[in-house]
Amino acid sequence: MSRTVTRSAQSTTNGLVPPTRAATGGVRVLAVGGESGPGPLQSLRQWAPDLGIDLEWAADLPRATRLLAGGHWDLVLAVLGDRSDEELTWWVDALRAAHGGTRLIALADRPSMGLALRAEKLGVLDLLALPLKREALATALARVRSAATEVALPLPPGEGDTEDHYALVGQSPAMLEVYKVMARVASSTATVLILGESGTGKEVVARTIHQHGPAATGPFVAVNCAAIPENLLESELFGHEKGAFTGAVARKIGRFEQAGGGTLFLDEIADMSLALQAKILRAVQEREIERVGGGESIPVTVRLIAATNRNLQEAITQGRFREDLYYRLAVVTIQLPRLVDRGDDLLLLIGHFARLFGARYRKAIDALSDRALELLRNHQWVGNVRELRNVIERAAIVVSDGTLRSEHLPDELRAEEPGVPDHTSGALPTLAEAEARHIARVLSHTGGQIGAAAEVLGIHRNTLTRKMKEYGL
Amino acid sequence: MRVEQALRLLPNLEALLPLRGLLLTSARPDARVQWGSGGPYLTVGKREVEPGELARSMGRVLTVVTEHINALFGAYIAALECQERGDAPGAVSALMGAGRLEETVGRLSQAQAWYEVSLALAETLQDRHPEIETLLSIGRTSLAAGEYAVGARHYQRALVLSEAEFDRGAAVDASVGLGDAAFECAAWAGAQAWYSRALRLSEAAKDRLRLGQIEHRLGLLARREGNLAGAGEHLRRSREHIEGLDAAGAARDMARVLDAQGELDAALGRPGPAAGAFREALAWVRRDQHDPALDVSIRLHLAELLLATGRWLEADEEMRRAEQLAITSNQPRGLVRIYTALGTLRGRQGDETGFVFFEQAIALCRAFEGPAVDEARAFHAYGVFRQVSGNPDEARAHLERARDIFRSLGVEAEVERVEAALANSHDVDTPAAGAG
C-alpha cells in the first residue's frame, strides 16, 4: 500500500560508538606477499612493534583467504603481482565479502597511473609503491585509526509500516511541489508523464497516483520498456494469438488488457521503437488494441501513466520519439527532483531504508555515524534514491550493531572521503596526473564509451585512445 | 546501438562466430539504464556497442583468427606430409593437434570433426595407442557438448583397447570418462563403479593428481546420493592428494575441490564455511592460468548460496560480477547459465519481468550454437518460472521443448525431472486433479 509521508529530520544527540581495536591502538594486519616469501615486506616485521601492528603473513591468495575467513582484520597489505589490475579487483571482491570493514593497502612495483586511478575508484585505502617506506605506511595506518573513531547520530524516527516499499518519503520544497501536482491529478483520469533521472522514484509516484485515483480498486500494471527485448515488447503490451509467431504457443493476454479498469504504467517509454510508438498512440487515441496476429479490435479502459529518464524534446528533434505521442502522454507532467537537490530528505530516506532493511534482516538500526553521514552527503547519487536504497540495504546486511558506520558503506563511496592522498606522487598532481584523472572520470561517466567520452572531452577519439594507452587506463 | 539490434543484423553463419564473440566482449552497459528501473533486468542484449569500437578491435580479433586458421592449416599440411612419407602415427598426431586447438577455443563440434578424421586413420594402425588417445578425446568433447551417450560409447571402446594394450593411464582416463557420463545421466551406481575402478588403478600407479581428481568426483557423487558425510571424506582426501602439488593444472583442480566443498557445506546448512570455501576456490583459480569458465561457475555457486540464505542483493551482485567476467572473457555458455540463474532468482522473488533473462539465455544458445543441453536447461527453468507465474500453456510448451532436447541427448534422468514438472503443470490445468 502506498502512502505519502513527510517527516521532520529530528535534532540529533551525539552518542559515542564503542571504539574498535584499531581506534585504541593495535591494528590487526594481514600481509600477503609473493609466492616465495615475504620479499618486500620483510622490513614490516621490524616496524610492527613501533607502528602498533599486530602482524600476520600469508604467502599467497588461497592462504590469505583462509586467514581472512578465520578472524577479524583491520587491514590487508597485499603485494600485487604481474596481473595487478585483476588482483586488485579480486582483493576488493574478497574484502567486500569479509565482514568487519577490512581495508586494503595494495603494494606494487612502480604503480602506473591507471592502476592508481583504478585503486581509487575501487575504494582501496592506499596504493603504495615498493620498496615500502615506513612513513607512507604510518600515514595510511593513521587513517585506519582515525576512521575507527566515529560518533553515532540517531536516525529520525519512522512512521507507519516499515515494510512499505513504495512509500514516498521527503519534505523538501522540491518534493512538496511534486506532492501538489500529484494531489491535483490523482482524482482525474488524465494521462500523466513522469520525468526524472534514473532512480528518482517514478514508479512510486505512479503507484501513489493510482492508489489515490478513481481506478484504485483496479489493477496497477507496470511494464518496463527498457527491460523487455525489443522483439517481445509488442506482444507483451498487446498480447498475441496462438501461432502468431514462432514461440506463440498459446493466446497471451497483453498488459493493456491486464490493466483493464486500472492503471498501466509504461516505464522508460523512450526506449520504444517508432513502430511500437505508433501502436501505443493508436491505443491511447482510440482506446482499443489488437493482439499480435489477431484481427479483432479489443476495447481497453486503462489510465495510462508513462515515465522516462530521457529528454523527450531532444528525442523528438532527433526523430526518435513521436511528437504526437508526446503530446498525448504529457497531459500532465511531473518532474521529479534529483536526490542531491532534495536536501535533508537524504536523512529521512536513510532512516526509512534503515528501518525497512533492518526489519528484513532482523537488525534494529537506529543510528548513523557522523563520518558515514558525511560520505553519504558528499556522494553524487547518479542513481538517486534507488542507489541510496541499495547502499543502505548493503550496509544493513553487514552491520553488526545498531549503527551504520563508514565501514559498512561501499568502497566506491569511501573512496570519495576527503583527504585521500594522491596515490602516485603524494604532492600536488602533475598536469599529466590531473589529465589522467579527468579522463578516467569522464570514461566512468560515459560507462566506458570512448566515442561519448571523446565528445565530452572535446578531443578526437584517436587522441583519447592514445592517451588512455599512455596513462594505462 | 544495442547488442540485440546488432545481433539481428548478423546472419547465423559459423564463419561469423568470432565476430559475434567480438560483439559480446565489446558490449558495455548503458550507464543511463544501470540505475533506471530497467537496471535489474539488464542483459548483454541491452548493452551498447559502437560500430567504430568494433572496427578498431577487429584487427586484434582477425589476428587471433588468422593465427588459429594458420595453425589448423599447418596441422593439416603436417598430416599430409606424414601420410606422404608413410608416417601414419605422425599424421594422427597432427590431426589430433588440430582437434586440440579447436577444443581449446571451445569449438567442440569442430574439434570432434578433426578427431573423427584422426580416428579413421588411427584405426588402420597396428599400434593401438593413437586410436585410444583419439577415442578418449572424442569422449571428452562429447561429454563437454552434453552428448553423453556418444561420449560413453567412445570411452567404452577406449577402455577395451587400453586394457588389451595394458595402458593403465588410458584405462584410468576411460573409466573416469565412463563414470562422468553415468554421473551426468544420474546413473549413480554406474558412476560409483567406474570411479572406484579408476581409483584402484590410480592407487597402483600412485598418481596423486589423478587420485585427487577421482576422489573429487566421488565426493560429488556421494553428495548427489545424499551421503554428505561420505562426500566430506572424499573431498578431504582429494585435497590431501592435490594440495602441495606443482603439476600443471593442480591449482585448477584444487579450485574445483574447494568449489565442491563449498556446495557440500551449503548442503549441510553451513553458509559461513561454504562462502569461505568458495572464496578460497576463487583464489586458487587465480594461481594458474586464469580459467574464466571455472571462475564463473564458482561465482554462480556462491550466488546460489547467497540466494538460499535470503541474501538476494549479494546474490544478484555476485551474478552480475560473473556476468561481467563472462562477457569480457567471451563465455557465452557461462552467460547462458548466469541468465538462467538470474531468471530463477527473479522467479523466486515473484518478479514476472524476470522472463527476460530466460529469453536472453535461449537467444544466446542459438546465436552462439552452444551445447543443446544448456538450451534444454534454460527451457526447463523457464517452464518452471512460467508455471509459478500462472502461465500454464506457455509453461507446458517450454517444458515439452526441454524434454524433447533432453530425450534427443539420451539424458533420461532429466527427461524424468521435466516430466514430473509437466505433470504438475497438468495438475494446475485440471481443476479436478488433486481434488479427490
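No experiment lies behind these values; they were computed from the predicted model shown.

**Some points on the overall build of chain B**
Argument step 1. The secondary structure content of chain B amounts to 21 helices and zero strands.
Argument step 2. Relative to the compact-globule value of 22 Å for 436 residues, chain B shows a C-alpha radius of gyration of 23 Å, a close match.
Argument step 3. Along the longest, intermediate and shortest principal axes, the C-alpha atoms of chain B span 65 × 55 × 45 Å.
Argument step 4. Taken over 436 residues, chain B has a buried fraction of 54%.
Argument step 5. In chain B, 58% of the contacts between residues at least 6 apart in sequence involve partners at least 24 apart.
Argument step 6. With 50 positive and 62 negative side-chain charges, chain B shows a spacing of 3 Å between the two charge centroids.

**Overview of the overall build of chain A**
Argument step 1. Across its full length, chain A carries 20 helices and 20 strands.
Argument step 2. Counting every position in chain A, which comprises 473 residues, the buried fraction comes to 54%.
Argument step 3. Considering only contacts in chain A between residues 6 or more positions apart, those separated by 24 or more positions represent 75%.
Argument step 4. Surface exposure of chain A reaches about 20400 Å², of which carbon and sulfur atoms provide 51%.

**Here we look at the packing of helix 11 (residues 208-224) of chain B against helix 12 (residues 228-242) of chain B**
Residues and elements named next belong to chain B.
Argument step 1. It is at 8 Å that the axes of helix 11 and helix 12 come closest, and there the two elements cross at 165°. For the element pair helix 11 / helix 12, the angle class is roughly antiparallel. In terms of crossing hand, the pair formed by helix 11 and helix 12 is left-handed. Of helix 12, the residues touching helix 11 (which contributes Arg208, Leu211, Gly212, Gln213, Glu215, His216, Leu218, Gly219, Ala222 and Arg223) are Leu228, Gly230, Ala231, His234, Leu235, Arg237, Ser238, Glu240, His241 and Ile242.

**Quick word on the confidence of the model for chain A**
Residue and element names in this part refer to chain A.
Argument step 1. In the predicted model, chain A carries a mean pLDDT of 81, and the fraction of residues at 70 or more is 86%.
Argument step 2. Every residue in residues 1-20 is under pLDDT 50, and counting partners more than four places away or in other chains gives 61 contacts.
Argument step 3. Note on residues 419-426: pLDDT under 50 across the span, and 18 contacts to partners over four residues away in sequence or across chains.

**A look at the sheet that holds strand 7 (residues 126-130) of chain A**
Residue and element names in this part refer to chain A.
Argument step 1. Spatially, 4-3-5-6-7 is the arrangement adopted by the five strands of the open sheet, whose pairing is parallel. Strands at the two margins of the open sheet, each flanked by one partner only, are strand 4 (53-58) and strand 7. Averaged over all adjacent pairs, the angle separating strand axes in this sheet is 20°, with direction ignored.
Argument step 2. Bridge analysis of strand 5 (residues 75-79) against strand 6 (residues 103-109) gives five bridges, and the strand direction is parallel. In the strand pairing of strand 6, Val76 is matched with Leu104.
Argument step 3. Where helix 3 (residues 61-70) meets the sheet, its contacts fall on strand 3 (27-32), strand 4 and strand 5, and the angle it forms with strand 4 comes to roughly 140°.

**What to know about the pairing of strand 3 of chain A**
Residue and element names in this part refer to chain A.
Argument step 1. Across the six residues of strand 3, six count as buried, placing the element largely inside the fold.
Argument step 2. Burial along strand 3 is two-sided: Val27, Val29 and Ala31 and Arg28, Leu30 and Val32, pointing in opposite directions, are all buried.
Argument step 3. Across four bridges, strand 3 lies against strand 5 in parallel orientation. Of the residues in strand 5, the one forming a bridge with Val29 is Leu75.

**Notes on the nonpolar core**
All names here are of chain A.
Argument step 1. Trp91, Leu237, Phe256 and Leu266 are the most contacted members of the largest nonpolar core, which has 177 residues in total.
Argument step 2. Beyond its immediate chain neighbours, meaning those up to four positions away, Leu266 contacts Val223, Cys225, Leu237, Met272, Ile280, Leu304, Ile305, Ala306 and Ala307.
Argument step 3. Membership of the second largest hydrophobic core comes to 35 residues, among which are Tyr361, Ala372, Ile392 and Ala396.

**Observations concerning the side chain of A:Thr102**
Residues and elements named next belong to chain A.
Argument step 1. When you line up the elements, Thr102 lands in the loop between helix 4 (84-97) and strand 6.
Argument step 2. Side-chain polar atoms of Thr102 contact the backbone oxygen of Trp73, separated by 2.8 Å.
Argument step 3. Residues within four places of Thr102 in sequence aside, it is in contact with Trp73, Asp74, Leu75, Val76 and Leu95.

**With respect to the pattern of salt bridges**
Argument step 1. Using the criterion set out here, one finds 64 salt bridges over all chains in the structure.
Argument step 2. The partner of A:Asp324 in a salt bridge is A:Arg322, and the shortest N-O contact between them spans 2.9 Å.
Argument step 3. Close ionic contact of B:Glu323 with B:Arg320 constitutes a salt bridge, the shortest N to O distance being 3.0 Å. Of the two residues, B:Glu323 and B:Arg320 both sit in helix 16 (residues 312-328), three residues apart, roughly one turn of that helix. Pair check on accessibility: B:Glu323 and B:Arg320 agree, each one buried.
Argument step 4. Overlapping salt bridges bring together B:Glu215, B:Glu233, B:Arg236, B:Arg237 and B:Glu240 as one network.

**Describing the side chain of A:Arg255**
Argument step 1. Position of A:Arg255 among the secondary structure elements: in helix 10 (residues 255-258).
Argument step 2. Classification of A:Arg255 by relative accessible area gives buried; the value is 5%.
Argument step 3. Those residues within four positions of A:Arg255 in sequence are excluded, and the remaining contacts are A:Val221, A:Ala222, A:Val223, A:Glu236, A:Leu237, A:Leu264 and B:Thr353.

**Considering the interface of chain B and chain A**
Argument step 1. Listed as interface residues are 47 residues of chain B and, on the opposing side, 52 residues of chain A.
Argument step 2. Carbon and sulfur atoms make up 48% of the surface buried where chain B meets chain A, a total of about 4300 Å² over both sides.
Argument step 3. When the buried area of chain B at its contact with chain A is split by residue, B:Trp35, B:Arg286 and B:Leu313 rank highest and sum to 18% of it.
Argument step 4. Applying the counting rule to chain B against chain A returns six salt bridges.
Argument step 5. Across the pair B:Arg2 and A:Asp271 runs a salt bridge whose closest N-O atoms are separated by 2.5 Å.
Argument step 6. At the boundary of chain B and chain A, one finds 13 residue pairs in polar contact (both at pLDDT 80 or more).

**Some details on helix 12 of chain B**
Argument step 1. Across its 15 residues, helix 12 of chain B extends 21 Å between first and last C-alpha, which sits within 8% of the 21 Å expected from 1.5 Å per residue.
Argument step 2. Among all positions in helix 12 of chain B, only B:Gly230, B:Ala231, B:His234, B:Leu235, B:Ser238, B:Arg239 and B:Ile242 are buried.
Argument step 3. Buried residues along helix 12 of chain B sit in contact with helix 3 of chain A together with helix 11, helix 13 (250-267) and helix 14 (271-285) of chain B.
Argument step 4. Backbone geometry just downstream of helix 12 of chain B places B:Gly244 in the positive-phi region, at approximately 90°.

**Comments concerning the packing of aromatic side chains**
Residue and element names in this part refer to chain B.
Argument step 1. All chains considered together, the criterion is met by ten aromatic pairs over all chains.
Argument step 2. Aromatic side chains Tyr339 and Phe357 sit 6.1 Å apart centroid to centroid with 20° between the ring planes, which places their arrangement in the stacked category. Of this pair, Tyr339 sits in helix 17 (residues 332-348) while Phe357 sits in helix 18 (residues 355-367), and the two are 18 residues apart along the sequence.
Argument step 3. For Tyr339, a relative accessible area of 0% translates into the label buried.
Argument step 4. The exposure class of Phe357 is buried, given its relative accessible area of 0%.
Argument step 5. With a centroid separation of 5.0 Å and 15° between ring planes, the pair formed by Phe358 and Tyr382 is classed as stacked. Taken together, the residues span a long stretch of sequence, with Phe358 in helix 18 and Tyr382 in helix 19 (residues 372-388) at a distance of 24 residues. Each of the two residues, Phe358 as well as Tyr382, counts as buried.
Argument step 6. Among the aromatic residues, those joined into a ring-pair cluster are Phe358, Tyr382 and Phe385.

**Quick notes on unusual backbone geometry**
Residues and elements named next belong to chain B.
Argument step 1. Of note, Ala186 is a non-glycine position whose phi angle comes to about 60°, a positive value.
Argument step 2. For Asn330, which is not glycine, the phi dihedral falls at a positive 55°.
Argument step 3. Here Asn330 lies in the loop between helix 16 and helix 17.
Argument step 4. Note on Asn330: relative accessible area 35%, which makes it partly exposed.

What counts, and at which threshold
- Per chain, the residues get numbers from 1 upward, laid out in the order the sequence is written.
- Throughout, the order in which chains and ligands are written sets their labels, letters from A for the former and numbers from 1 for the latter.
- Reporting in this predicted model follows two pLDDT cut-offs: at least 70 for local features of residues, and 80 or more for side-chain atom pairs to be given and counted; totals over whole chains, interfaces and linings ignore these cut-offs and use all residues.
- The side-chain values count all of the structure's non-hydrogen atoms but skip hydrogen atoms and water molecules.
- What counts as a helix is a DSSP run of H or I of at least four residues, what counts as a strand is a run of E of at least two, and both are numbered from the N terminus.
- With C-alpha atoms as the basis for the radius of gyration, the globule rule is written as 2.2 Å multiplied by the number of residues raised to the power 0.38.
- For every residue, the accessible area obtained with a 1.4 Å probe (protein chains only) is divided by the maximum for its type, and the residue is called buried under 20%, exposed over 50%, and partly exposed between those limits.
- Any two residues whose heavy atoms approach within 4.5 Å are treated as being in contact.
- Neither His nor the chain ends contribute to the count of charged residues, in which Lys and Arg are positive and Asp and Glu negative.
- Charge coordinates come from a single atom per side chain, which is NZ of Lys, CZ of Arg, CG of Asp or CD of Glu.
- Shrake-Rupley sampling with a 1.4 Å probe provides the accessible areas, and residues are treated as covered by the protein chains on show and by no other component.
- Angles shown run from 0 to 180 degrees and are taken between the N-to-C directions of axes, each axis being a line fitted to C-alpha atoms and, for helices, limited to the stretch in contact.
- Each angle gets one of four labels, with under 35 degrees taken as roughly parallel, over 145 as roughly antiparallel, 65 to 115 as roughly perpendicular, and the rest as oblique.
- Here a crossing is taken to be left-handed if its near helix is turned anticlockwise relative to the far helix by less than a right angle, and right-handed if that turn runs clockwise.
- Scored between 0 and 100, pLDDT is the confidence that the predictor attaches to each residue.
- Strand pairing requires that DSSP identify at least two bridges connecting the strands.
- To qualify as a nonpolar core, a set must consist of buried Ala, Val, Leu, Ile, Met, Phe, Trp, Tyr and Cys residues joined through side-chain atoms within 4.5 Å.
- Under this definition, polar contacts are N or O atom pairs within 3.5 Å; protein pairs additionally need one hydrogen-donor-capable and one acceptor-capable atom, and for neighbouring residues in sequence, both atoms have to be side-chain atoms.
- By definition, a salt bridge exists where a carboxyl oxygen of Asp or Glu is found within 4 Å of a side-chain nitrogen of Lys or Arg.
- Buried area counts how much accessible surface, traced with a 1.4 Å probe, disappears from two parts once they are put together, with both parts' losses summed.
- One less than the residue count of a helix, multiplied by 1.5 Å, gives the span that helix is expected to have.
- Note on aromatic pairs: the rings of Phe, Tyr and Trp (six-membered ring only in Trp) are paired at centre separations within 6.5 Å, and the planes decide the class, stacked below 30 degrees, edge-to-face beyond 60, tilted for the rest.

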